[in-house]
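Descriptive analysis of the structure
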Amino acid sequence: MPGDIQSGRLSSERIRENFSDLHTPLTELQAIQESARCLFCHDAPCTEACPTDIDIPGFIRKIASGNVTGAAKTILSENIMGNTCGNVCPVEELCEQVCVKNTAEEKPVVIGQLQRYATEHLFERGIQPFERAADSGNYVAVIGAGPAGLSCAHRLAVFGHNVTIFESRDEPGGLNEYGLAAYKMLDDRAAREVAFILDVGGINIETGLSLGTDFELDDLRRKFDAVFVGLGHNAVNTLGIENEAIDAVHNAVDFIERIRQQDLATLPVGRNVVVIGGGNTAIDIAVQIKKLGAETVTLVYRRTTDQMGATDYEQQVAQTNGVLIRTQAQPLRIHSSDNQLTAVEFEYTEIDANGRPKGTGETFVLAADQLFKAIGQSLDATPLGSVEVPELAVGRIKTDPNQHTSLPDVWAGGDCTAGLDLTVTAVQDGKIAAISINEYLNHG
Ligand SMILES: Cc1cc2nc3c(=O)[nH]c(=O)nc-3n(C[C@H](O)[C@H](O)[C@H](O)COP(=O)(O)OP(=O)(O)OC[C@H]3O[C@@H](n4cnc5c(N)ncnc54)[C@H](O)[C@@H]3O)c2cc1C
Ligand code: SF4
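What counts, and where the lines are drawn
Throughout, a residue's number is its position along its own chain's written sequence, starting from 1. The lettering of chains begins at A and the numbering of ligands begins at 1, in the order of writing. With pLDDT at 70 or above as the cut-off, local features in this predicted model cover only qualifying residues; side-chain atom pairs require 80 or more to be listed or tallied, and sums for whole chains, interfaces and linings still use all residues. For side-chain calculations, the full set of non-hydrogen atoms in the structure is used, while hydrogens and water are omitted. Aromatic rings from Phe, Tyr and Trp, with only the six-membered ring used for Trp, were paired whenever their centres fell within 6.5 Å, and each pair was classed as stacked if the ring planes differed by under 30 degrees, edge-to-face if by over 60, and tilted otherwise. Secondary structure elements are defined from DSSP: runs of H or I of at least 4 residues count as helices, runs of E of at least 2 residues count as strands, and each element is numbered from the N terminus. The cut-offs for exposure are 20% and 50% of the maximum accessible area for each residue type, with area from a 1.4 Å probe on protein chains only; residues under the lower value are buried, those over the upper are exposed, and the others partly exposed. At least two DSSP bridges between two strands are needed for those strands to be called paired. A right-handed crossover is one whose linking path, passing over the helix from the first strand to the second, runs clockwise when the strands point away from the viewer. Here a residue is near a molecule or strand as soon as one of its heavy atoms is found within 4 Å of it. The residue classification treats Ala, Val, Leu, Ile, Met, Phe, Trp, Tyr, Cys and Pro as nonpolar and Asp, Glu, Lys and Arg as charged. All others, Gly included, are polar. Nitrogen and oxygen atoms within 3.5 Å of one another constitute a polar contact, given that in protein one can donate a hydrogen and the other can accept it, and given that sequence-neighbouring residues count only through two side-chain atoms. Under the convention used here, a 1.4 Å probe and the Shrake-Rupley method define accessible areas, while residue burial counts only the protein chains that appear. When checking whether two residues touch, look at their non-hydrogen atoms; a contact exists if any pair is within 4.5 Å. Nonpolar cores were defined as sets of buried Ala, Val, Leu, Ile, Met, Phe, Trp, Tyr and Cys residues, with membership established by side-chain atoms within 4.5 Å. Throughout this description, the term salt bridge denotes a Lys or Arg side-chain nitrogen within 4 Å of a carboxyl oxygen of Asp or Glu.

1. What about the packing of aromatic side chains?
Given two aromatic rings, their pairing is described by the distance between the two centres and the angle made by the two planes. Under the defined criterion, the tally for this structure stands at seven aromatic pairs. Between F255 and F372, the ring centres sit 5.0 Å apart and the planes meet at 70°, which makes this aromatic pair edge-to-face. In this pair, F255 is assigned in helix α13 (residues 252–261) and F372 in strand β15 (residues 370–373), connecting sequence segments 117 residues apart. The buried category is assigned to F255, whose relative accessible area is 1%.

Structure follows, in structure tokens:
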């Protein structure tokens, strides 16, 4: 039956179970045993691989000696979102991949889970390890309350500067609140982290105000001593094929936002679902739709498995959740009847010498009630205005290694600038920018 889309395909109880924690939290005994496996390497490769430069052997040693609060302070002093990152970082490609314990015989130290253990310990006890320096009398505007903006604001506040964050949505947190998979960010973790960041003082958030609509970059440059831009990705890519606008065809990021904000039992889910894309967003939507009760979820990617943006671990998560991954096929047509989706037609691809997919002319059709597009997000620079605009490079705001843009009083970071699109790299960009802004405010 085409158009078989309904909410409550599973009982609320079953949905709750399906969306429970991806990793069971470590117990105290497990954390102590795991920390004892660390060799406390000199010039530790794990720290080298951490985008926020956390002293990993340092914090693990503190857990091993029973100083769990101290461990959390070591983490948070480099990465204020160390708790979220302990849950969502692709550690299998970063710190844990290079851990010297990661051999054929042994598994790496579970750094992400230890990080989460230590930061949970601190949060549960309501400890605030940071104190603001005396008021500097300087005022900084931050645009966007995602990981980049919040990280920048926190470091600036600790330096004693006064920060106002301008955020277009009703709630701060960026993709931590609206994008990360619900089974990675349980309950109110994102909001709890924002509250912890604001608790240091000196940060005021103005929500429901959008750059380019409610205020202009020029206004902020006149009113503030410096500006940080952390807009993230504010546009999604399209397939550019017929019927893309019908109801059952969704942008994955928009639907993921609903998964994060709505009662899960009320979300409309198809019986047979197709997802197009090969990155983590594609995996996240596919897994979550399966957890909501779709009978079949087929993820189709135009290149090979090795070329997928999703890590091997994320691909495994998809497969263990029953998502079928098909590669080397690109969408050709969306079939519909009476404005209802019936099927998606694909063309097989061959990969050329430069790794690019080329259609072979051979096609196949997948019956589908619902289709999710997860083919990438991008920066729409329109909100930056047209008067004096930071220079762009390859569609993102261009920055130097200090996250400084081409404008003397404007910095930028996170997904709207070049680099890996991860929570941890956005946090690092915000931190580096704050250090550079502080230098500029103190020494000109
Ligand atoms: C579905 C999905 C799953 C992901 N999963 C992971 C994961 O598991 N692990 C991981 O490390 N990374 C993951 N990421 C990537 C990660 O979420 C981002 O790299 C990170 O959030 C970037 O932070 P940011 O601050 O640059 O941008 P964002 O988090 O996008 O924050 C930008 C903020 O700016 C605001 N804004 C936008 N336009 C305006 C405007 N005109 N005026 C004012 N405010 C504005 C937005 O509302 C938002 O709050 C995922 C991304 C997606 C989309
Ligand atoms: S590489 Fe592994 S063993 Fe060495 S310090 Fe890091 S976590 Fe410990």
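2. Observations regarding the pairing of strand β10 (residues 296–301)
The element β10 is extensively covered by neighbouring structure, given that five of its six residues are classed as buried. Both strand β9 (residues 272–276) and β10 contribute to a ladder of five bridges, which runs parallel. When the bridges of β10 are listed, N272 appears paired with T296. Each parallel crossover has a hand, and the one from β9 via helix α14 (residues 280–291) to β10 is right-handed. Where β10 lies against strand β11 (residues 324–327), four bridges are found, and the strand directions are parallel. Its bridge partner being in β11, T298 is matched across the sheet by L324. In this view, the connection linking β10 to its parallel neighbour β11 by way of helix α15 (residues 312–320) has right-handed handedness.

3. Some words on the site of ligand 2
In the vicinity of ligand 2, the residues found are C38, L39, C41, A44, P45, C46, P57, C99, V100, V109 and I111. Of the residues that constitute the shell around ligand 2, the class distribution is eleven nonpolar, no polar and no charged.

4. Thoughts on the site of ligand 1
Near ligand 1 lie 33 residues; those nearest to it are E167, L175, K184, L211 and D415. Between R169 and ligand 1, the recorded distance is 3.5 Å, taken from a side-chain N or O atom to an oxygen atom. A distance of 3.4 Å separates an oxygen atom of ligand 1 from a polar backbone atom of G230. Starting from 1000 Å² of accessible surface for ligand 1 in isolation, the protein chains cover 94%. Split into classes, the residues belonging to the shell around ligand 1 amount to 15 nonpolar, twelve polar and six charged.

5. Brief notes about unusual backbone geometry
Peptide bonds are mostly trans, and most non-glycine residues show a negative phi. Positive phi, normally seen in glycine, also occurs at F40, with a value near 50°. When you line up the elements, F40 lands in the loop between α2 (28–36) and α3 (45–49). In this model, D53 sits at a positive phi of 60°, which is unusual for a non-glycine residue. Note that D53 resides in the loop between α3 and α4 (56–64). With a relative accessible area of 42%, D53 lands in the partly exposed category.

6. Description of the environment of E244
Relative to the helices and strands, E244 is located in the loop between β6 (235–236) and β7 (249–251). Measuring from C-alpha to C-alpha, the distance between E244 and L392 comes to 30 Å, with 148 residues separating the pair along the chain. Look past the residues within four positions of E244 in its chain and what remains in contact with it is T238, L239, V249, I334 and K373. Looking at E244, its side chain comes within polar contact range of the main-chain nitrogen of L239, at 2.8 Å. Here G240 takes part through its backbone nitrogen, which lies 2.7 Å from a polar atom of the side chain of E244.

7. What about the nonpolar core?
Formed by 59 residues in total, the largest nonpolar core has its most connected members in I56, F59 and I437. Residues contacting I437, with those up to four places away along its chain left out, are V140, C152, L156, A226, F228 and W411.

8. Details of the pattern of salt bridges
Side-chain pairs of opposite charge can arise whenever the charged atoms involved come near each other. Under the counting rule described, the total for this entry stands at 21 salt bridges. A salt bridge links R333 to E345; the nearest nitrogen and oxygen atoms lie 3.1 Å apart. One end of the pair, R333, is in strand β12 (residues 329–337); the other, E345, is in strand β13 (residues 340–351), with twelve residues separating them in the sequence. Taking the relative accessible area as the measure of exposure, E345 reaches 11% and is therefore buried.

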